[in-house]
Structures are given as C-alpha cells and as structure tokens.
Amino acid sequence: MTRRNVFFILLVGGLLTLGGCLALEPSKSTAGTSSSDVKITRELNQFYTELQNPDLTPEELAVVIDQIAKYTQLESHAKMVSFLNNRVSNYPDDPYNAYYLWRIADSFEDRGNSQSAYQMYYRILRNYPDVIWQNQSVHFVSLLRAINLDQDTRLTAEFLQQLIHRFPDSVDLGARYLQLAQALEAIGEYPRAYDAYEKFLTFEDTVIPGKPGIHYLIREKVAFYHSSKTWIDRDLDALVRNIKNALYYKNGWSLLRYQAKVNFFAMTWYQERQDFNARPDFELIEFLSQAKRITYASELEFASHGNEAYLRTGGWSPRIPTWFLYFRKIDYPADPQVHGSWEWAGIYFGEAI
C-alpha cells in the first residue's frame, strides 16, 4: 500500500468518523472480542509503520497519530494517555500538540475526571499554540470546556477574558461579559467587574435564560457603584428615626436627604420594579406639604429574611392615603464601609397585598 493510499484511508475512514473531531462525542473504551483485538492490533501496526514515514506532512502525521490514539484507547485508556503524553514530550515543536492534549482532556472529562481534564485544558492554553482541527480552534473549545468546569474562579475570569478578546465572533458577547463580571466580582476585582457589567448593558438584546429582568438589575447595580452613597446609614433605627422626624415636622428637604439618590422607586404592590412607571417623576415634597398630617407606625415590619423592612405611613392623599416606605440592607462587598448598611430605597402605594 502506498503512502498516499494509506493517507486517503486515514483521512476518509478515520478523520471523518472516529478521528477526533472536536464536535464529536469522545470514544468509549470497549472490551473487544478476540477478532476485534486482532483487528485493533493489525490497524495499530499499520499506523505505527506509517508513523515512521519521513515524507509525511505535519497534517498527515497528525492524522496518523490521531488514529493510533483512537485504536490505543480501545485497548486501554491509560495507554492512549501515555502515548499522547510521550508524543508531546518527545516532539515539543509539533504544531498539533494542543490537539493531542485536547484528546487526553476530552477522555478525562468523558470519564468524569473533571480535575484532570481541567488541568489539561489549562496546560493547553498556557503552553501550546492554537491549532485548527476539523475547522475548529482547539483553544476555543478548550476555553469553553475550562469555563464550563469552573474549578478556579480566578482562572475562569482569565479564560473568559481570552474567549471574549480572541473569539468575539464565535460567542454571545453579552452573556460572556455578564459571566466575566460575576467571576471578577467573586474574586474582588471590582473595578474590572463593573467595567464588564457596563459592557454587558450595551448588549440589550442578550437573553439570559431564567433571568428576564437581568438588564434592569445590572443597571441598578452599576448606578449604585457610581453613586455618592451619601444617603445610607449603618444604623437602620437611626435612619428611620430621622425620616420619622422629617415626616412629623413636614420637613421636605430633610426627608429628601434620606431618600436614595439612585434606583429609588415608587409604585403599587402590583407593579414590577422594571416597569418604567415604577419611577414616576412625582414631587414628594408637594405631597408632604399638602397633607394635613402624616402618620406612621411605631414599629417596622420586616421581611422574613431580615434584609428588608417596611414602615407603614398614612395621610398622604385622599386617593391613596397609605404608603409603605421600603428599606433594604445594602449588598455591596466592594466597600466594607457600605456593605451591610441600610437605605430608604422606595415607596409602595396602598395597602400591602
């Protein structure tokens, strides 16, 4: 059999079926019968012989190695891993080394060994140049796999950054910027995290499954990040006491001082927070001045989790006399002095439902 005939068999019969396409499911180890063992041995001998051919191009050589790995894996997963590892170690300049290691990582992941697979993806991305196999970038697929395994948040953030910068046309940039922002925030990289959140907001058409209001929530988050935060108070009781005094003396300017300067809402209990009408441009001072007397409950009503509280007030207008002032504990680990403080964040009109 001539070299070109062998290569044609390898390319058509191996590469397009079981020859390591990145999009295919990895091969499973199988216990062969005696006849299949003989076939495997025969095929391996043929490919090992072809491996010694000095006239093979790098691409042809890669196909031969891929077929040896395939048939070796049918004998033993450990043998396949050893063969490819040795190949990479002995030929460090082989342009297809990233793919050989990807085959090892894929086999580990297929067997539920996520840690070993993750380490192999890391090795590929750190130490070996990218290579295209079956029209697919090995680095691109390795980044996706490593991000999905998410075994180290700091590395996940690094891999997401690479994915965005190197393959912007192959991913949903909005979703990836959100994922990057969350990873950066988790490791305390707050300026970079909020920069990524702002980039996410530029992709208004991005849909995040299970999070229909995510753009609204991130806009609130970014607005608070850039705000002065001068209205917050570490002591909820002190904040409520100051607001009660402003109501009692009908001191509108004092009342406005304690109102959140960003993300403040005013809506009925039936509205959604992301509803545009939940932030009407109404004059709080005007309501206060026109009311004969504003009343308020002596005690706050707390939500079950303790991070939200409501103050029932009355006398605001003949049409809707009852307003509940809404307070929330601030979740903002970017600043320990702010995190855990309280703000007067909104108003609910009418009786609670």
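Note that the structure is predicted; figures quoted are calculated from it, not measured.

1. A short note on the overall build of the protein
Thought 1: Scanning the protein from N- to C-terminus turns up 14 helices and 8 strands.
Thought 2: Burial statistics for the protein: of 353 residues in total, 48% are counted as buried.
Thought 3: A separation of at least 24 residues holds for 59% of the contacts in the protein among residues at least 6 apart in sequence.

2. Observations regarding the environment of Pro129
Thought 1: Tracing the chain through its elements places Pro129 in the loop between helix H6 (114-127) and strand S1 (132-133).
Thought 2: Sequence separation of Pro129 and Ala98 is 31 residues, and the distance between their C-alpha atoms is 6.8 Å.
Thought 3: If we ignore the near neighbours within four places in the chain, the residues touching Pro129 are Ala98 and His139.

3. Observations concerning the packing of H6 against helix H7 (residues 138-149)
Thought 1: At their nearest, the axes of H6 and H7 sit 9 Å apart, and the two run at 140° to each other. Taken as axis vectors, H6 and H7 run oblique relative to one another. Both H6 and H7 take part in a crossing whose hand is left-handed. When H6 is examined against H7, the residues Ser114, Ala117, Tyr118, Tyr121, Ile124 and Leu125 are found in contact with a partner set consisting of Val138, His139, Ser142, Leu143, Arg145, Ala146 and Leu149.
Thought 2: Residues of the contact of H6 with H7, tallied by class, amount to 9 nonpolar, 3 polar and 1 charged.

4. Digging into the pattern of salt bridges
Thought 1: Evaluated as defined, the whole model comprises 13 salt bridges.
Thought 2: For Arg87, the salt bridge is made with Asp94, and the minimal N-O distance between the two is 3.5 Å. Assigned by exposure class, Arg87 and Asp94 land together as buried.
Thought 3: Among the ionic pairs, Glu343 bridges to Arg328, the shortest N-O distance being 2.9 Å. You can see Glu343 sitting in strand S8 (residues 342-349) and its partner Arg328 sitting in strand S7 (residues 323-329), a full 15 residues away along the chain.
Thought 4: Glu343 gets classed as buried once you look at its relative accessible area, which sits at 4%.
Thought 5: Of the residues examined, Arg328 reaches a relative accessible area of 14% and is grouped as buried.

5. Here we look at the packing of aromatic side chains
Thought 1: Tallied over the entire structure, the rule returns 26 aromatic pairs.
Thought 2: Between the aromatic rings of Phe265 and Tyr348, the centroid separation amounts to 5.2 Å while the plane-to-plane angle is 65°, which identifies the pairing as edge-to-face. One end of the pair, Phe265, is in strand S3 (residues 265-268); the other, Tyr348, is in strand S8, with 83 residues separating them in the sequence. For the residue pair Phe265 and Tyr348, the accessibility class agrees, reading buried in each case.
Thought 3: Seen in terms of ring centroids, Trp316 and Trp323 are 4.1 Å apart; in terms of plane orientation they differ by 5°. Their pairing is stacked. Neither residue differs from the other here; Trp316 and Trp323 are each classed as buried.
Thought 4: Above the ring of Tyr91, the side-chain terminus of Arg87 is found at 3.8 Å from the ring centroid.
Thought 5: Directly above the aromatic system of Phe224 lies the positively charged group of Lys229, at a separation of 5.3 Å from the ring centroid.

Conventions we followed
Residues numbered from 1 in each chain as written. Predicted model: local features only at pLDDT ≥ 70, side-chain atom pairs only at ≥ 80, totals over all residues. Heavy atoms only, no water. Helix = DSSP H or I, 4+ residues; strand = E, 2+ residues; numbered from the N terminus. Buried < 20%, exposed > 50% of the residue type's maximum accessible area, 1.4 Å probe, protein only. Contact = heavy atoms within 4.5 Å. Axes fitted to C-alpha atoms, helices over the stretch in contact; angles between N-to-C directions. Parallel < 35°, antiparallel > 145°, perpendicular 65-115°, else oblique. Left-handed = near helix turned anticlockwise from the far one by under 90°. Nonpolar A, V, L, I, M, F, W, Y, C, P; charged D, E, K, R; others polar. Salt bridge = Lys/Arg side-chain N within 4 Å of Asp/Glu carboxyl O. Phe/Tyr/Trp six-rings, centres within 6.5 Å; stacked < 30°, edge-to-face > 60°. Lys NZ or Arg CZ within 6 Å of the ring centre and 35° of its normal.

Functional significance is not addressed by these values, which are geometric in nature.
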